[in-house]
Amino acid sequence: MTNKLQGHTTGKGETVLLTAILVVVFTVPFSGTFNSLAIMLLGLVWLLQRHYKNLRQLFTFNFGVSFLFYLMFIVGLTYTQDLKNGMFQIEQKLSLIVFPFLFATIPALSRRNLKLIFSFFVLVCLLASVYSVWAGAFVNYRHNQLTTIDLANFTNQNLAGYIGTHSTYFSMYIAFSIFIVFESLKNNSSKRQRLVYFTLIAWFVFFLFLLAARIVLIAFILIALVYLVKATLQTRKNYKLLLPVIGGGLILTLALSGTAYFKNRFSEIYSVNMSNLIGSNSENGVTQRFFFWKNSLDIIQRSPFIGHGTGDAHIEFKKQYADLLLQNPGYQPSVVEAIRFFEKQQYNSHNQFLQVLILFGATGLVVFLILFARCYYVCFKRKNILYFSFITIVFFSCLTECVFDRQFGVVFFSVFNAIFLFHDKENENASANHGEFRAETPDL
């Protein structure tokens, strides 16, 4: 692949740059301070290697849509009431512009280096998942010895909490890893490699069900169906590879669905009492989200076009809850207690699209949708099903979480979306001449 970008990344320089990227990838599931330091390290390498000479590469539509969404947060500062929190939001969302900026200006990553980056992410997720199960076993042994297995120690938030993250974000990483491994499975003929890949997929699928993040599981199943249709329309070899993966997943689903925990967790989706979402209705993640969504819509109606400003979501929720209690003096004490708790914890809307509407109104939502539309356009143009899988996982997760309001989500999206947009395009011209998805990401 011809690369006209300037910069010192040949030989040792290229190794240093790749190492800095791998450090960032390693810290994605763990986020926090280490992730921030890793991003700073990558920025320092970028400066020392003088990739700022390539700033002309920023004049592209792909970079433009990324910058436009971040620009909304800057513009929102001009009419926010809480400037301090607004500045925090600007800092928290820096990844949205930093990674497109860095990856657009560094020399194109070779397929070998792309292979290493994706492989490294899978390895990190494998280590994190194994550690989480081990930690769950340790906690279970400490509390119950060997007499009882408490499933709560091995599921959902408890399981994700062992590495300091949230089950939805951990599920996003695991689901993406599954499709990375499956693409590698298709591209290798060695029986030993296939056995390793099948084992990895089986483990990740099992772990994904243990995390039990419902929205990610739904996204995972839908993407798997896309893979199945694609495999059916393509070679018989890929079709045979996918069947045991899908079949194994169905068997696992049936097995886990028989446990009380999974029955209760998924029955929550269709057992919501809309007449009273909080208090008399059993408290769970689904009822809470319906409550947040309902109140978010009321907040949006107060400023539907430009929103309330970058830092004002918590202020508007506080006002909304005060109005709610004032208008409903007959609320049961349990309802009042729940609302006070939500206000104290400063919970957001738990829906990224509604959160954008609260902050920036319809204008911001249009910009946000343009960002996703561009990503989908690029993945279809390049016929890249792995990119499609990544974007779909993030898009669905935005329906029940404010993915871009936590470092776990915004860094994950920003890193890999920048890689796909600016570096995974070697076969773009060739793929445009075919009617099927192509897996451009190199195998593990």
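Values in this document were obtained by computation on a predicted structure and should not be read as measured data.

Draft legend 1. Up close: the overall build of the chain. A count of helical and extended segments in the chain gives 19 helices and zero strands. Residues counted as buried form 53% of the 444 residues belonging to the chain. A separation threshold of at least 6 residues defines the contact pool for the chain, and within that pool the share at least 24 residues apart is 76%. Split by element, the accessible area of the chain, about 20200 Å² in all, is 64% carbon and sulfur.

Draft legend 2. Looking closely at a nonpolar patch on the surface. A cluster of nonpolar side chains, V23, L41, L44 and L48, forms an exposed patch at the surface whose accessible area comes to about 350 Å². Ranked by residue count, the leading element in the nonpolar patch is helix α2 (residues 32–48), at three residues. The residue V23 is located in helix α1 (residues 12–27) in this model. V23 sits in the partly exposed class, given a relative accessible area of 31%.

Draft legend 3. Inspection of the packing of helix α3 (residues 61–76) against helix α5 (residues 95–105) at higher detail. Between α3 and α5, whose axes approach to 9 Å, the crossing angle comes to 155 degrees. As the angle between them shows, α3 and α5 are arranged roughly antiparallel. Crossing angle aside, the handedness with which α3 passes α5 is left-handed. Counted together, F63, S66, F67, F69, Y70 and F73 of α3 and L96, I97, P100 and F101 of α5 form the full contact between these two elements. Across the contact of α3 with α5, the residue classes tally to nine nonpolar, one polar and no charged.

Draft legend 4. A look at the nonpolar core. Within the largest apolar cluster, 124 residues are counted, with the highest numbers of intra-cluster contacts made by F121, Y173, F176, F390, F404, F412 and F416. Here this core gets 15 residues from one element, more than from any other, and that element is helix α16 (residues 352–381). Contacts of F416, omitting those with residues within four sequence positions, involve V25, F118, F121, F176 and F390.

Draft legend 5. Inspection of the packing of aromatic side chains at higher detail. Taken as a whole and assessed by the stated rule, the structure comprises 59 aromatic pairs. A centroid spacing of 5.2 Å and a plane angle of 80 degrees characterise the contact between F368 and F372, whose relative ring orientation is edge-to-face. Highlighted residues: F368 and F372, both in helix α16, separated by four residues, approximately one helical turn. The buried category is assigned to F368, whose relative accessible area is 0%.

Draft legend 6. Structural context of unusual backbone geometry. Of note in the backbone geometry, N156 takes a positive phi value of approximately 50 degrees without being a glycine. Here N156 lies in helix α7 (residues 156–161). You will see that K383, though not glycine, has its phi angle at about 55 degrees, which is positive. Mapped onto the secondary structure, K383 falls in the loop between α16 and α17 (385–397).

Draft legend 7. The pattern of salt bridges, seen in detail. For the coordinates displayed, the defined rule picks out five salt bridges. Residue R302 pairs with E316 through a salt bridge whose shortest N-O separation is 3.2 Å. Highlighted residues: R302 in the loop between α13 (285–301) and α14 (313–327) and E316 in helix α14, separated in sequence by 14 residues. By sharing partners, the salt bridges in this structure join R302, E316 and K319 into a single network.

Draft legend 8. Summary view of α5. The element α5 is extensively covered by neighbouring structure, given that nine of its 11 residues are classed as buried. When α5 is considered as a whole, its buried residues turn out to be S95, L96, I97, F99, P100, L102, F103, A104 and T105. Looking at the buried side of α5, the elements it contacts are α1, α2, α3, α4 (83–92) and α18 (407–422).

Draft legend 9. Structural view of the side chain of N351. By secondary structure assignment, the location of N351 is in the loop between α15 (333–345) and α16. From its side chain, N351 meets the backbone nitrogen of F353 in a polar contact 2.9 Å long. Here the side chain of N351 touches L354 through a polar contact of 2.9 Å, landing on its backbone nitrogen. Setting aside residues no more than four positions away along its own chain, N351 makes contact with W293, C398, L399, T400, E401 and C402.

Draft legend 10. Structural context of the state of the cysteines. For the coordinates displayed, the defined rule picks out zero disulfides. Not engaged in a disulfide, the cysteine C379 finds its nearest cysteine sulfur in C375; these two sulfurs lie 8.2 Å apart. Of all cysteine sulfurs, the one in C398 lies closest to C402, which takes part in no disulfide; the gap is 8.3 Å. In this structure C402 comes out as buried when scored by relative accessible area, which is 2%.

Draft legend 11. Representation of the environment of F422 in the model. One can find F422 in helix α18. Residues F422 and N62, 360 residues apart in the sequence, show an inter-C-alpha distance of 8.1 Å. Contacts of F422, omitting those with residues within four sequence positions, involve T60, N62, F63, P100, F103 and A104.

Draft legend 12. Local environment of helix α9 (residues 191–211). End to end, α9 covers 30 Å across 21 residues, agreeing with the expected 30 Å (1.5 Å per residue, within 8%). Buried within α9 are the following residues: Y197, L200, I201, F204, V205, F207, L208, F209, L210 and L211. Of the residues flanking the end of α9, it is A212, one or two places downstream, whose phi is positive at about 55 degrees.

Calculation rules
- Residues numbered from 1 in each chain as written.
- Predicted model: local features only at pLDDT ≥ 70, side-chain atom pairs only at ≥ 80, totals over all residues.
- Heavy atoms only, no water.
- Helix = DSSP H or I, 4+ residues; strand = E, 2+ residues; numbered from the N terminus.
- Buried < 20%, exposed > 50% of the residue type's maximum accessible area, 1.4 Å probe, protein only.
- Contact = heavy atoms within 4.5 Å.
- Areas by Shrake-Rupley, 256 points an atom, 1.4 Å probe, with all protein chains shown as cover.
- Patch = residues over 30% accessible without salt bridge, like charges linked within 9 Å, V, L, I, M, F, W, Y side chains within 5 Å.
- Salt bridge = Lys/Arg side-chain N within 4 Å of Asp/Glu carboxyl O.
- Axes fitted to C-alpha atoms, helices over the stretch in contact; angles between N-to-C directions.
- Parallel < 35°, antiparallel > 145°, perpendicular 65-115°, else oblique.
- Left-handed = near helix turned anticlockwise from the far one by under 90°.
- Nonpolar A, V, L, I, M, F, W, Y, C, P; charged D, E, K, R; others polar.
- Core = buried A, V, L, I, M, F, W, Y, C linked by side-chain atoms within 4.5 Å.
- Phe/Tyr/Trp six-rings, centres within 6.5 Å; stacked < 30°, edge-to-face > 60°.
- Polar contact = N/O pair within 3.5 Å; in protein donor to acceptor, adjacent residues only side chain to side chain.
- Disulfide = S-S within 2.5 Å.
- Expected span 1.5 Å × (residues − 1).

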